[in-house]
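So you can see what is in the structure, the chains are spelled out below.
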Amino acid sequence: AREIRLVFPDKDGARPLRQFSIFIASGARIQALNDVFKFAAIYRTTRPNRDAEVVIPLEYLGTDSTYVLDEGLGLDLKRENRYQVIQYIIIEIDEQSLDAALAEVEVLAVGDNVSLGTAGRGGGFLEGGRTTGAALMFDGDMDSFALLTSADEGWLEDGVWWRVDLGAVFFLDELFLYQSQLGEGLRSQVQGGNPSASGGLFLVSDGEPAPGSGLPVPEQVDYEILVEDRCRPQCAGRLFHQRYMFAPRKVRYLFWHEIDELAGSFGWGLEAMLFSPGHPARVDMRSDFIDLAAAAGDGRPRVIERLTWAADLPPRTKVQLRSRSGNTLQEVFSFFDKKGDEVTEERYNSLPGVLQGPVDTSVVVGEDWGAWSNFYQASGEAFQSQSPRRFVQLEMILSTDDWQVAPEVDALAIEFTDALVQVAKGRIWPRQARLNEQTRFTYTLWPQGDGQDSGFDRLRFKIPGVVDGQVVLRVAGEQVEPVAVEKKGDSLLVLLPDVVLLDSVEVDFSARLIDYAALFVLDLGLAEKPGLWQSVEASERRGNLVLLPGLPDQKVLVGDLRVEPAAFTPNGDQINDQVEIGFILLKAQNVQPRVGIYDVAGRLVVWLKGEQFDGGWHFNWSGLDVDGAIVPPGVYLCRVDPGTASSGSVLRTVAVAY
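**Re the overall build of the chain**
And then number 1: Helix and strand content of the chain: 4 helices and 47 strands.
And then number 2: For a compact globule of 658 residues, the expected C-alpha radius of gyration is about 26 Å, and the chain comes in at 35 Å, more than 25% above that figure.
And then number 3: Across its three principal axes, the chain shows a C-alpha extent of roughly 105 × 75 × 60 Å.
And then number 4: In the chain, once contacts between residues fewer than 6 apart in sequence are set aside, the share between residues at least 24 apart is 75%.

Dropping the structure here:
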């Protein structure tokens, strides 16, 4: 804290304290079994006080040391040296007065210690084998501390390290370490060397995914060095409180390990404090399981139409939202013995009753829940998770790149309506196909409903391939003529002649597939309810997937490559003026292929622009170079690069003639 401010009333019957003293303590006990604290006097009146407000500044201690890690911060070091660690304040009245009164006691702090409440935010701690109680350094209790014991093998082998996950990404600009001295707190109970004689390395990470850190932690992120503290024995007994100040940086994970060559055995009576200049950089929030059936009052699942929200988004801020849904929840039980250690259910049941501890119950998703959806791009976007469902759960991420501003969400709504049918399950057949070969498929739908359902009269398929050939429709086993069939790219829309409620529906169609696990998606609709689509779930595990067992054996990434014609005449007569390049990508998703034209000497002539449709990629070249000029006649090389980590490029020749 920077200062203590006393505010007194000043009226008849209530006057400021005349003579008084102020004592403070850090909160560390000096006796293990009693509430006895080490108080220091910081203020005493030297003459009767008549002021309505008294400000007592707190001063830098001789055992403190402040370090500024970054240049150009413009810090007022004189001001930054005005602080002291306090938990308890004693105001002792030194002169009796019948009308003595005190209105307010104010403590102005350096900032908020954001490391408090880490566990409640979903954060946690990890520690090495020779480190015990790392979480106690972040609990705000000056009596608790970690124990670290070094040997000669090195910090990693010895296990002299700890990691804290703050549970959110903060902008941090200050790290303060308070190391208890002998005679303060329970420090005197610990045997061993002086902690300030050992060096340590602080590393931080904002939590962005990366291949790995090389540290003994599960998160796949990169860490960077924040502080390298090489306090050697000559500073032992002098520097106990280190304050590191730096430019704001995003931090979620903080990792400390001992510097090997400065090792020594010790117990560490330490409290760590982390400070932020403003708003968190990122906060992940997850809702409880929302029971739509209970909200509607009839216990029936609902079709979720869309999610809407209202948010204030200053520049450089963002709100991200995603969903998942399901029909069942299940309970998971955790068993603990009397010491608080988790044990198996079998072990728990074998313990005597006096040694059995509590049993915790957690509610988790059932087997019918899908994965988290992609993030919604805008308020009012159609619901992306499976529907109808009884339960839905939402996850919202609030983030900012400027600690001075933050997004603010004012409202969030789930819009849902009655399902077309209570249950809709389907299956695709056959379950295997040949790569890029036209295959005849049958999708069978089994709806279930009751007297309250409206039924459906349209089918919307999303098929991971090119749909071709005649579409045949059967309802309740009888072939019927669809009102209309629309085929576009990977979409197939079939309009039924009548509303279907309980009858099975079969659709035959042909398609060419290139994905190893091709997912067939079907939604049900009703003309009377435009915009409402109800998803169909697989009738059995993987019942909506078709596998291409021959695809893994394929050694090429570019398939069905066509460069037509092999020779063309770009003379502007509208006849044979361009060459068309088409292909499909095998075993590659979410990539951007490139096609380049080169001369026979290997010099790049031009990169071509292409587009994706009908399951493949399509490019064309009109004989122009990168400057838009007609190329000379001759032979050129067409190079197709699939855009993957491994090359897999393919070359073809093309001739230009006039």
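There's plenty left to go through after this.
**Comments concerning a negative patch on the surface**
And then number 1: On the surface, Asp152, Glu153, Glu157 and Asp260 cluster together into a negatively charged patch.
And then number 2: Within the secondary structure, Glu157 sits in helix H2 (residues 155–158).
And then number 3: You can call Glu157 exposed: its relative accessible area is 57%.

**Here's the deal with the nonpolar core**
And then number 1: In terms of nonpolar packing, the biggest core is built from 36 residues, with Phe456, Leu459, Phe509 and Leu524 touching the most fellow members.
And then number 2: Of all the elements in the fold, those that place two or more residues in this core are strand S26 (423–429), strand S27 (439–448), strand S28 (456–462), strand S29 (465–475), strand S32 (491–500), strand S33 (505–513) and strand S35 (521–525).
And then number 3: The element best represented in this core is S33, accounting for 5 residues.
And then number 4: When residues no more than four places from it in sequence are discounted, the contact partners of Phe456 are Leu420, Val421, Leu445, Pro447, Leu496, Asp498, Val499, Val500, Val505, Leu524, Gly525 and Leu526.
And then number 5: Formed by 27 residues, the second largest nonpolar core is a distinct cluster that contains Trp162, Phe202, Tyr244 and Leu274.

**Quick look at the sheet that holds strand S6 (residues 88–93)**
And then number 1: Spatially, 3 strands are ordered S3-S2-S6 in an open sheet, and the strand pairing comes out antiparallel. Across the chains shown, the open sheet's two edge strands, defined by having one partner strand only, are strand S3 (40–44) and S6. For this sheet, the mean angle separating the axes of adjacent strands, direction not counted, is 25°.
And then number 2: Of the pairings in the sheet, the one linking strand S2 (residues 20–25) to S3 comprises 4 bridges and is antiparallel in character. In the strand pairing of S3, Ile22 is matched with Tyr43.

**Quick look at the sheet that holds strand S4 (residues 53–57)**
And then number 1: If you walk across this open sheet you meet the 3 strands as S4-S1-S7, and the pairing is antiparallel. The open sheet has two free edges, formed respectively by S4 and strand S7 (104–108), since each of these has just one partner strand. Going from strand to strand, the sheet's axes swing by 15° on average, the running direction of each strand aside.
And then number 2: The pairing of strand S1 (residues 3–7) with S4 spans 5 bridges and is antiparallel. The partner of Arg5 across the bridge, within S4, is Val55.

**Structural notes on the environment of Asn34**
And then number 1: Along the polypeptide, Asn34 turns up in the loop between S2 and S3.
And then number 2: With 592 residues separating them along the chain, Asn34 and Val626 place their C-alpha atoms 84 Å apart.

**Here we look at unusual backbone geometry**
And then number 1: Backbone torsion omega between Trp429 and Pro430 reads 0°, so that peptide bond is classified as cis.
And then number 2: Its location among the elements puts Pro430 in the loop between S26 and S27.
And then number 3: One non-glycine residue, Ala476, lies in the positive phi region at around 55°.
And then number 4: Tracing the chain through its elements places Ala476 in the loop between S29 and strand S30 (478–480).
And then number 5: The class for Ala476 is partly exposed, based on a relative accessible area of 43%.
And then number 6: Positive phi, close to 60°, is recorded for Arg542, a residue that is not glycine.
And then number 7: Residue position: Arg542 is located in the loop between strand S37 (537–538) and strand S38 (545–547).
And then number 8: You can call Arg542 partly exposed: its relative accessible area is 38%.

Conventions we followed
Residues numbered from 1 in each chain as written. Predicted model: local features only at pLDDT ≥ 70, side-chain atom pairs only at ≥ 80, totals over all residues. Heavy atoms only, no water. Helix = DSSP H or I, 4+ residues; strand = E, 2+ residues; numbered from the N terminus. Rg over C-alpha atoms; globule rule 2.2 N^0.38 Å. Contact = heavy atoms within 4.5 Å. Patch = residues over 30% accessible without salt bridge, like charges linked within 9 Å, V, L, I, M, F, W, Y side chains within 5 Å. Areas by Shrake-Rupley, 256 points an atom, 1.4 Å probe, with all protein chains shown as cover. Salt bridge = Lys/Arg side-chain N within 4 Å of Asp/Glu carboxyl O. Lys, Arg positive; Asp, Glu negative; His and termini not counted. Charge placed at Lys NZ, Arg CZ, Asp CG, Glu CD. Buried < 20%, exposed > 50% of the residue type's maximum accessible area, 1.4 Å probe, protein only. Core = buried A, V, L, I, M, F, W, Y, C linked by side-chain atoms within 4.5 Å. Pairing = 2+ DSSP bridges. Axes fitted to C-alpha atoms, helices over the stretch in contact; angles between N-to-C directions.

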